[in-house]
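Structural characterization, general
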Amino acid sequence: MSTNNIETENERNEDKEQDIVDPVDFSIKHPLQNKWTLWYFENDRTNTWEKNQKVIASFDTVEDFWSLYNHIKLASELRQGCDYSLFKHGVRPMWEDETNKRGGRWLISLDRKQRGNDLDRFWLDIILCLIGEAFENSDDVCGAVVNIRSKGDKIGIWTKNATRSEAVLEIGRKLKERLRIKPKDQIGYQAHKDTIDKASSMTKTSYNI
Ligand code: MGP
């Protein structure tokens, strides 16, 4: 075989390799900045409140989030008294957790007719804000909770520290904008300690926007 022939053979092999290597590798998933855990609460009176919080699954890629979301019931399909909570991995969806205990929540209270229109859209938009790190102060965000209740559903966005007013307000403003809540419809922020201590059915709000 002449040297020329060897070169041609090498060139052919190189061409074949280029054909085989696909520039887009579909097995690579798109990582999220944080790992998140979805929790489910069902009010079983034979158990404590804490024990009724059950982990559904954790995910840290876009693809794993959508396969989980597409697999579970919409919030509007849950029974009365149930919750979904989505928290950063390692943070339990409760006031007592070290990351939550100095914090509070932006509370969005929905009236009954909003279960049909706004509830699922709000909850999905909030999840996408969380996992997409939509806030300038995303580090202050711990998670979010949706409560399905006969008296009116609620969504809370939990932040780390109720005294960090700039971060709390930025998160609240972005939330209102992303959910397209009308400027005249106020939402309030409650420190968890005030929710725990509430003397009447009304909890004091630390900020309103
Ligand atoms: P809820 O589920 O947040 O709201 O709290 P709901 O059902 O609308 O009731 P309301 O009180 O806001 O009108 C219901 C109850 O669950 C609370 O009173 C507590 O007993 C318990 N609970 C709720 N959370 C968020 C916690 C928590 O973080 N820790 C503990 N230990 N109990 C909680």
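Please refer to the structure higher up on the page.
1. A look at the environment of Thr159
With respect to the element layout, Thr159 can be found in strand 6 (residues 154–159). Residue Thr159 is classed as buried on the basis of its relative accessible area of 1%. For Thr159 and Ala191, which are 32 residues apart along the polypeptide, the C-alpha to C-alpha distance reads 9.3 Å. Apart from the residues within four sequence positions on either side, Thr159 is in contact with Gly103, Gly104, Asp140, Val141, Cys142, Val168, Ile171 and Tyr189.

2. A word on the pairing of strand 6
Judged by how many residues are buried, strand 6 sits mostly within the fold: five of six residues are covered. Two elements, strand 4 (residues 104–109) and strand 6, share six bridges in a ladder whose sense is antiparallel. Paired with Trp106 across the bridge in strand 6 is Ile157. Pairing of strand 5 (residues 141–147) with strand 6 involves six bridges; the strand directions are antiparallel. Paired with Val146 across the two strands is Ile155, which belongs to strand 6.

3. Quick word on the site of the ligand
Surveying the vicinity of the ligand reveals the residues Trp49, Met94, Trp95, Glu96, Arg149, Lys151, Lys154 and Lys198. Here Glu96 contributes a side-chain N or O atom positioned 2.6 Å from a nitrogen atom of the ligand. At a separation of 2.6 Å, an oxygen atom of the ligand approaches a polar side-chain atom of Lys151. Notes on the ligand: free accessible area 620 Å², of which the protein chains cover 64%. Grouping the amino acids of the shell around the ligand by side-chain chemistry returns three nonpolar, no polar and five charged.

4. Quick look at the pattern of salt bridges
Tallied over the full model, the rule gives 14 salt bridges. Among the salt bridges present, the one from Asp140 reaches Arg164, with a minimum N-O distance of 2.7 Å. One end of the pair, Asp140, is in the loop between helix 4 (119–131) and strand 5; the other, Arg164, is in the loop between strand 6 and helix 5 (165–178), with 24 residues separating them in the sequence. Connected through shared salt-bridge partners, Glu98, Lys101 and Arg102 make up one network.

5. Focus on the side chain of Asp194
When you line up the elements, Asp194 lands in helix 6 (residues 192–197). Note on Asp194: relative accessible area 13%, which makes it buried. When residues no more than four places from it in sequence are discounted, the contact partners of Asp194 are Thr203, Lys204 and Ser206.

6. Comments concerning the nonpolar core
If you look at the biggest cluster of nonpolar residues, it comprises 44 residues, and the most contacted ones within it are Leu86, Trp106, Ile108, Trp123, Ile126, Ile155 and Ile157. Ranked by the residues each element gives to this core, the list is headed by helix 4, at nine residues. Ignoring anything within four residues of it in the chain, the contact list for Trp123 reads Ala75, Tyr84, Leu86, Ala144, Val145, Val146 and Ile155. Among the nonpolar cores identified, the runner-up in size contains six residues, and Trp39, Val91, Cys142 and Trp158 belong to it.

7. What about the packing of aromatic side chains?
The tally for this structure, following the rule as stated, stands at nine aromatic pairs. For the pair Phe65 and Tyr69, a centre-to-centre distance of 5.7 Å together with 40° between the ring planes defines the contact as tilted. In this pair, Phe65 and Tyr69 both sit in helix 2 (residues 62–69), four residues apart, roughly one turn of the helix. Taken as a pair, Phe65 and Tyr69 share a single burial class, namely buried.

Rules used in this analysis
What you see as residue numbers is a count from 1 along each chain, following the sequence as written. Side-chain atom pairs in this predicted model are given and counted only at pLDDT of 80 or more, local residue features only at pLDDT of at least 70, and totals for whole chains, interfaces and linings cover all residues. As a rule here, side-chain values cover all heavy atoms of the structure and leave hydrogens and water aside. Going along the chain from the N terminus, every DSSP run of H or I of four or more residues is numbered as a helix, and every run of E of two or more is numbered as a strand. Buried means the residue's accessible area, taken with a 1.4 Å probe over protein chains only, is under 20% of the maximum for its type, while exposed means over 50%, and partly exposed covers the values in between. Contacts are assigned to residue pairs that have any heavy atoms within 4.5 Å of one another. By this definition, two strands are paired if DSSP reports at least two bridges between them. The cutoff for a nearby residue is simple: one of its non-hydrogen atoms must lie within 4 Å of the molecule or strand. Within 3.5 Å is the distance limit for a polar contact, defined as a pair of N or O atoms, with the added protein rule that one can donate a hydrogen and the other accept it, and that residues adjacent in sequence qualify only through two side-chain atoms. Methods summary: accessible areas were calculated by the Shrake-Rupley approach with a probe of 1.4 Å, and residue burial reflects only the protein chains presented. Polar here means any residue outside two lists: the nonpolar Ala, Val, Leu, Ile, Met, Phe, Trp, Tyr, Cys and Pro, and the charged Asp, Glu, Lys and Arg; Gly therefore counts as polar. Any carboxyl oxygen of Asp or Glu that lies within 4 Å of a side-chain nitrogen of Lys or Arg is treated as forming a salt bridge with it. The definition of a nonpolar core used throughout is a set of buried Ala, Val, Leu, Ile, Met, Phe, Trp, Tyr and Cys residues joined through side-chain atoms within 4.5 Å. In summary, the pairing rule links any two rings of Phe, Tyr or Trp, Trp by its six-membered ring, whose centres are within 6.5 Å, and it sorts them by plane angle into stacked for under 30 degrees, edge-to-face for over 60 and tilted for everything else.

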